[in-house]
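A structural walkthrough
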Amino acid sequence: MTEKNPLDELLGEEVSAVSFVMDYVEIHFHGRILRCIAHPLIRRGAREIRFPAGGSRDALCELIGSRVARAVAGAAAIEVDFSSGDRLVIPLGPNDQRGGEWAHFLSGENKPLAVW
């Protein structure tokens, strides 16, 4: 039996907000939240920008209004592709975890929290 991908709920959803909270980033999808505890990066064409480097906040905010075309959690990273052509990557390597975790996905109120 294959395990359901919790990120499937994001397919077709639009980024409604990006929040910077102390040392992590939240990507909001009209009530659903992808919390990036590991420092995320944006791939835009050949360019790669990793939070908190200069320009990364602007790059993350530019995701607002983009729709999710693909969202997968693999062994090495969580990858979210957007209609804009941008890709959000949350690395899942041993050196990327913070406090023993890399990311959370909250799909809604009173729903289980997915933790990586």
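Here's a quick rundown of the structure. Note that the coordinates shown come from a computational prediction; the quantities given were computed from them, not determined experimentally.

What counts, and at which threshold
Residues numbered from 1 in each chain as written. Predicted model: local features only at pLDDT ≥ 70, side-chain atom pairs only at ≥ 80, totals over all residues. Heavy atoms only, no water. Pairing = 2+ DSSP bridges. Helix = DSSP H or I, 4+ residues; strand = E, 2+ residues; numbered from the N terminus. Axes fitted to C-alpha atoms, helices over the stretch in contact; angles between N-to-C directions. Core = buried A, V, L, I, M, F, W, Y, C linked by side-chain atoms within 4.5 Å. Buried < 20%, exposed > 50% of the residue type's maximum accessible area, 1.4 Å probe, protein only. Contact = heavy atoms within 4.5 Å.

Reading across from one edge, 5-4-8-7-6 is the order of the 5 strands in this open sheet, with antiparallel pairing throughout. A strand with exactly one partner marks an edge of an open sheet, and here the two such strands are strand 5 (47–50) and strand 6 (68–73). In this sheet, neighbouring strand axes are inclined to one another by 15° on average, regardless of whether the strands run parallel or antiparallel. Sheet topology note: the strand 6/strand 7 (residues 77–82) ladder contains 5 bridges and is antiparallel. Residue pairing in the sheet places alanine 73 in a bridge with isoleucine 78 of strand 7.

On to unusual backbone geometry, then. Cis rather than trans, the peptide bond between phenylalanine 51 and proline 52 has omega equal to 10°. Within the fold, proline 52 resides in the loop between strand 5 and helix 1 (56–61). We note that methionine 22 has phi near 50°; this positive angle belongs to a residue other than glycine. Checked against the element boundaries, methionine 22 lands in the loop between strand 1 (17–21) and strand 2 (24–29). Residue histidine 30 is not a glycine yet carries a positive backbone phi of 45°. Looking at the element boundaries, histidine 30 is found in the loop between strand 2 and strand 3 (32–36).

What follows deals with the nonpolar core. Among soluble globular proteins, nonpolar side chains are generally buried collectively. Ile27, Leu34, Leu60, Leu88 and Trp116 are the most contacted members of the largest nonpolar core, which has 29 residues in total. Taken together, the elements giving at least two residues each to this core come down to strand 2, strand 3, helix 1, strand 6, strand 7, strand 8 (87–91) and strand 9 (103–106). When residues no more than four places from it in sequence are discounted, the contact partners of leucine 88 are Ile27, Leu34, Cys36, Pro40, Leu41, Ile42, Leu60, Ile78, Glu79, Val80 and Phe82.

A few words now on the pairing of strand 4 (residues 41–44). Side-chain positions along a regular strand alternate between the two faces of the sheet. As defined by bridge partners, strand 4 adjoins strand 5 across 4 bridges and the pair is classed as antiparallel. From the neighbouring strand, leucine 41 faces strand 5, where its bridge partner is arginine 50. Taking the residues between adjacent antiparallel strands as the criterion, strand 4 and strand 5 are bridged by 2 residues, where glycine 45 takes a positive phi near 65°. For strand 4 and strand 8, the ladder comprises 3 bridges, and the chain directions are antiparallel. Bridge assignment links arginine 43 to a residue of strand 8, and that residue is arginine 87.

Interpretation in functional terms is not warranted from these geometric data alone.
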